[in-house]
Amino acid sequence: MTDPPYTLIGTAFSTFTRTIALGLQYKKLKYSQIATKPQTRIAQEAHPFAYLPTLIIHEIDGKKVNVKLRESQAIVRFIDRVAPEPSLHVQVGSDAVMPEKMWEFVSFAASYGFPMIEHTVVKPRVKALDEGVLSEAEVQDQIKAGVVELERYLAVAESLMAPDGFVFGEQLTWADFFLFPLLADLRAVPEWRLVSDRLKRWAAQMDTLDAVKATAEGTLSVGARPLD
Ligand SMILES: N[C@@H](CCC(=O)N[C@@H](CS)C(=O)NCC(=O)O)C(=O)O
């Protein structure tokens with residue numbers, strides 16, 4: 001059996017890594033995954049800042065290359081180029097004002113959603129849960145300011161979404177794949193109660209996708225913690 005043409009460097013626990021895994025799965029591109037945490041020796045060798053993910057492209061046009069491609073938004077452009085179909089883009093003539101609004105949503109999720117969900121609420125919640133030292137009241141007090149940030153991001157995200165269906169309505173796009181890992185993590189902590197019905201319906205619709213099912217293992221959403 002031949003080795004897969006791509007290697008995804010990053011633990012399934014990493015939300016950006018899951019976004020790339022969702023795209024590879026959805027487009028049926030074969031890959032193997034090295035489940036490392038950030039800042040490990042493997043992450044250092046793959047990424048100049050030892051962040052996740054990196055996609056190693058072993059071959060281009062039948063030629064061995066082993067190119068390391070970093071930054072999730074660069075990686076999705078590569079995935080789109082080698083596998084344009086099934087499309088993860090807003091179709092012209094859809095309700096979105098213009099196709100570039102999809103990239104706006106992606107960038108908001110990556111630049112603001114990630115810190116305003118993960119750093120503020122999810123990570124401190126999981127730490128408190130694992131350590132078991134603080135009381136529920138103390139945890140709530142600790143993340144009070146974070147919850148304000150979380151609610152601010154969720155309100156913005158929802159204001160940019162179609163009223164039903166995926167982020168941009170009927171067509172699944174990269175916007176869904178950037179937002180989903182963040183909300184899947186949020187669903188694992190009590191602050192999920194702050195999420196609107198619209199976003200809960202959206203998350204339930206995402207759960208039905210094969211790509212979502214195939215990338216759940218090793219994530220916070222199934223109670224996992226990162227491996228070394
Ligand atoms: N700009 C990067 C951000 C990736 C990112 O923040 N990854 C997280 C894991 S989900 C990370 O590696 N953090 C580094 C750390 O925690 O030291 C991208 O889009 O790929």
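Sequence order as written defines the numbering, with residues in each chain counted from 1. The model is predicted, so local features are restricted to residues of pLDDT at least 70 and side-chain atom pairs to those at 80 or more, both for listing and for counting; the totals for chains, interfaces and linings are taken over all residues. Note that the side-chain values use all heavy atoms of the structure and ignore hydrogens as well as water.

An unreviewed UniProt entry lists the protein chain under the name GST N-terminal domain-containing protein, with Hypholoma sublateritium as the source organism.

### Things to note about the pairing of strand β3 (residues 54–60)
One ladder, built from four bridges, connects strand β1 (residues 6–9) with β3; its direction is antiparallel. Across the sheet, the residue bridging to Leu 8 is Leu 55, located in β3. For two strands to be treated as a pair, DSSP must find at least two bridges joining them. Helix and strand assignments follow DSSP, with helices taken as H or I runs no shorter than four residues and strands as E runs no shorter than two, numbered in order from the N terminus. Direction of pairing for β3 relative to strand β4 (residues 63–70): antiparallel, over a ladder of six bridges. Residue pairing in the sheet places Thr 54 in a bridge with Arg 70 of β4. Where β3 folds back on β4, the antiparallel hairpin that results is connected by two residues, among which Asp 61 adopts a positive phi of roughly 50°.

### Thoughts on the sheet that holds strand β2 (residues 31–34)
As a general point, the strands of a sheet are linked pairwise by backbone hydrogen bonds and lie either parallel or antiparallel. Taken in spatial order, the four strands line up as β2-β1-β3-β4 in an open sheet, and their pairing is mixed. Each edge of the open sheet carries a strand with a single partner, namely β2 and β4. Strand-to-strand twist across the sheet, computed as the mean angle between neighbouring axes with direction ignored, equals 20°. Any pair of residues with heavy atoms lying within 4.5 Å of one another is described as a contacting pair. In this analysis, axes come from line fits to C-alpha atoms, helices being fitted only over the stretch in contact, and the angle between any two N-to-C directions falls in the range 0 to 180 degrees. In the packing of helix α1 (residues 15–26) onto the sheet, the strands contacted are β1, β2 and β3, and the crossing angle to β1 comes to about 155°. The strands touched by helix α3 (residues 72–82) within the sheet are β1, β3 and β4, with β4 carrying the most contacts at an inclination of about 140°.

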